[in-house]
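# Observations on chain architecture
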Amino acid sequence: MAKQFNVVKTIELKGELSKEQKRFNGFLQRIKSIKEQIELSRELALELGRMVQEQIKPLEDKMYDAWKSFILGLDRSMYAHNLTPKQFEKYESIVFEQADSYLGVAKPDDEIKAIFDEHSEESFDDIQAESEVEGKDYIVQMFKMQFGIDIDPDDIDDVQNPFNNPKLFEKIQEAKEKHDADAEINAQKKAESEAKRVKTDKQIKKEESRKAAESAVSKTTKQIYLDLVKNFHPDTEMDEEKKKWKTEIMQQVTVAYDEDDYIKLLELQMTLLENRENAVEKFDNKQLRHFNDALRQQVQELEMQLTMSSPASNPMFTHGHLFHLNGDQMKRNVNRHIKEIQSELNRYRDSLNYIQSLKGFKEYVKRYELDDNMDIDMGMLMEMMRFMK
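Below you will find a few notes about this structure. All values derive from a computational prediction rather than experimental measurement.

### So, helix α1 (residues 19-75)
Between the first and last C-alpha of α1 there are merely 73 Å, a value that for 57 residues lags more than 12% behind the 84 Å anticipated at 1.5 Å per step. The largest bend in α1 amounts to roughly 40° and is located at valine 52.

Below is the structure:
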């Protein structure tokens with residue numbers, strides 16, 4: 001990766017500013033802020049991934065193991081025959097609800113699936129298959145509505161993440177290319193149609209003014225680029241160290257020019273070349289207005305890039321809800337989540353111990369509230385333990 005050079009000069013316009021000059025400064029600050037946030041987002045995403053793998057996942061695995069042990073212990077309890085018919089009916093509902101909740105969030109487990117199947121009219125695999133068919137039908141309709149393309153349900157490998165399929169991604173790309181080509185043709189037809197229409201002097205003057213402003217921005221951008229190429233092209237350097245340094249600079253210059261990153265080009269010019277003035281200071285309001293329109297588009301693209309760089313926007317990142325651009329807040333989120341998992345782990349272990357006695361088992365069934373995906377909380381468990389004593 002090319003070395004990133006710190007900007008030592010600022011582009012911000014100073015003095016008594018016009019409306020467009022103020023807009024320029026505002027866009028400049030916004031672009032700088034978003035770029036910093038994107039870089040921070042990427043760093044924090046890596047940090048969150050590390051914490052998930054090292055701290056959260058191992059504890060979650062233990063919690064799921066404890067949950068599974070509790071479900072098996074509940075299902076195989078020797079005290080089930082001591083319940084009244086009404087209590088036994090509730091007990092079976094409890095076992096089913098626990099198995100259903102477990103399979104909804106944990107990895108599929110054959111023993112838990114067997115318990116689910118025993119208490120369900122349909123097997124877990126059959127329900128999953130039906131759900132997958134419905135999900136594929138929905139995705140087919142979505143692709144038709146949003147992208148205007150027909151897809152084969154059999155091409156959908158993963159209902160949860162259909163866009164990961166190379167075939168579907170290729171079809172989307174083809175649809176996008178066709179859409180862009182059609183849009184270009186329509187734009188050309190529109191331009192040709194407008195060209196045939198007789199324009200007023202006012203319209204002609206406005207169009208000429210716009211083209212002049214676009215030309216000024218394009219000319220300035222190219223001039224800055226050529227200025228940097230002239231001074232930093234590595235082929236003109238004999239010293240190997242300096243050649244390497246210039247190669248790194250030119251990589252940044254080329255990327256900025258190709259991506260129409262006007263601010264980056266200006267920053268590089270004013271940072272690396274001595275006695276260079278801020279090129280936009282010489283723009284009149286019309287030229288600067290067009291320049292600002294380009295910067296506004298860049299802000300929108302960067303905002304989208306910022307959103308996509310966040311794990312919270314990535315459905316593949318199961319712990320994205322813990323992400324935060326404030327590193328300290330993200331750590332607090334992680335620590336809180338770890339405490340919640342540990343509490344769940346302790347709860348399932350304590351619940352399993354509690355139902356080992358007849359009194360505890362019957363009291364558990366009595367106090368359990370169905371249709372509440374949570375088991376009994378720790379407070380209730382402690383209260384029941386005091387009752388047993």
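### So, the pattern of salt bridges
Applying the stated criterion across every chain yields a total of 16 salt bridges. Note that arginine 23 and glutamate 20 form a salt bridge whose closest N and O atoms lie 2.9 Å from each other. Residue arginine 23 and its partner glutamate 20 are located together in helix α1, separated by 3 residues, close to a single helical turn. Residue arginine 23 is classed as partly exposed on the basis of its relative accessible area, which comes to 23%. Residue glutamate 363 pairs with arginine 367 through a salt bridge whose shortest N-O separation is 2.6 Å. With glutamate 363 and arginine 367 both in helix α11 (residues 358-367), this residue pair falls 4 residues apart, about one helical turn. One salt-bridge network, in which partners are shared between bridges, spans Glu20, Arg23, Arg289, Asp293 and Arg296.

### With respect to the packing of aromatic side chains
Following the criterion strictly, the structure yields 15 aromatic pairs and no others. Ring plane angle 50° and centroid distance 6.0 Å describe the contact between phenylalanine 24 and phenylalanine 291, whose orientation is recorded as tilted. With phenylalanine 24 in helix α1 and phenylalanine 291 in helix α9 (residues 285-309), the pair connects residues that are 267 residues apart, well separated along the chain. A relative accessible area of 3% means that phenylalanine 291 is categorised as buried. Ring centres 5.8 Å apart and planes at 75° place the aromatic pair phenylalanine 232 and tryptophan 245 in the edge-to-face group. Taken as a pair, phenylalanine 232 in helix α6 (residues 201-232) and tryptophan 245 in helix α7 (residues 240-258) lie far apart in primary sequence, 13 residues in all. Among the aromatic residues, those joined into a ring-pair cluster are Tyr64, Trp67, Phe70, Tyr102, Tyr348, Tyr364 and Tyr368. Here the guanidinium or amino end of arginine 347 rests over the ring plane of tyrosine 348, the centre of that ring lying 4.7 Å away.

### With respect to empty space enclosed by the protein
Enumeration over the complete set of coordinates arrives at 1 cavity of 30 Å³ or more. Space inside the largest cavity adds up to approximately 50 Å³. Forming the boundary of the largest cavity are Thr220, Thr221, Ile224, Tyr262, Leu265, Leu266, Val280 and Phe291. Elements with a contribution of two residues or more to the lining of the largest cavity: α6 and α8 (262-272). Along the lines of polarity and charge, the residues of the lining of the largest cavity split into 6 nonpolar, 2 polar and no charged.

### Some thoughts on the packing of helix α2 (residues 85-105) against α11
Taken N-terminus to C-terminus, the directions of α2 and α11 make an angle of 80°; their axes are 10 Å apart at the nearest point. Accordingly, the angle class assigned to the pair α2 and α11 is roughly perpendicular. Along the contact surface, α2 presents Gln87, Lys90, Tyr91 and Ile94, while α11 presents Phe361, Lys362, Tyr364, Val365, Lys366 and Arg367. Looking at side-chain class alone, the contact of α2 with α11 contains 5 nonpolar, 1 polar and 4 charged residues.

### Overview of the layout of surface pockets
Within this model, the second largest pocket holds a volume of roughly 850 Å³. As for the second largest pocket, its lining consists of 30 residues, and the residues nearest its centre are Tyr64, Tyr102, Val105, Ala106 and Lys107. For the lining of the second largest pocket, the elements supplying multiple residues, two or more each, are α1, α2, α4 (124-147) and α10 (327-354). When its residues are assigned to classes, the lining of the second largest pocket shows 12 nonpolar, 8 polar and 10 charged.

Basis of the calculations
Residues numbered from 1 in each chain as written. Predicted model: local features only at pLDDT ≥ 70, side-chain atom pairs only at ≥ 80, totals over all residues. Heavy atoms only, no water. Helix = DSSP H or I, 4+ residues; strand = E, 2+ residues; numbered from the N terminus. Expected span 1.5 Å × (residues − 1). Bend = angle between axes of the 7 residues up to and from the residue. Salt bridge = Lys/Arg side-chain N within 4 Å of Asp/Glu carboxyl O. Buried < 20%, exposed > 50% of the residue type's maximum accessible area, 1.4 Å probe, protein only. Phe/Tyr/Trp six-rings, centres within 6.5 Å; stacked < 30°, edge-to-face > 60°. Lys NZ or Arg CZ within 6 Å of the ring centre and 35° of its normal. 1 Å grid on protein atoms, 1.4 Å probe; cavity = no way out; pocket = protein on both sides within 12 Å on 5 of 7 lines; lining within 4 Å. Points joined across faces, edges and corners; volume = space filled by probe spheres on them. Nonpolar A, V, L, I, M, F, W, Y, C, P; charged D, E, K, R; others polar. Axes fitted to C-alpha atoms, helices over the stretch in contact; angles between N-to-C directions. Parallel < 35°, antiparallel > 145°, perpendicular 65-115°, else oblique. Contact = heavy atoms within 4.5 Å.

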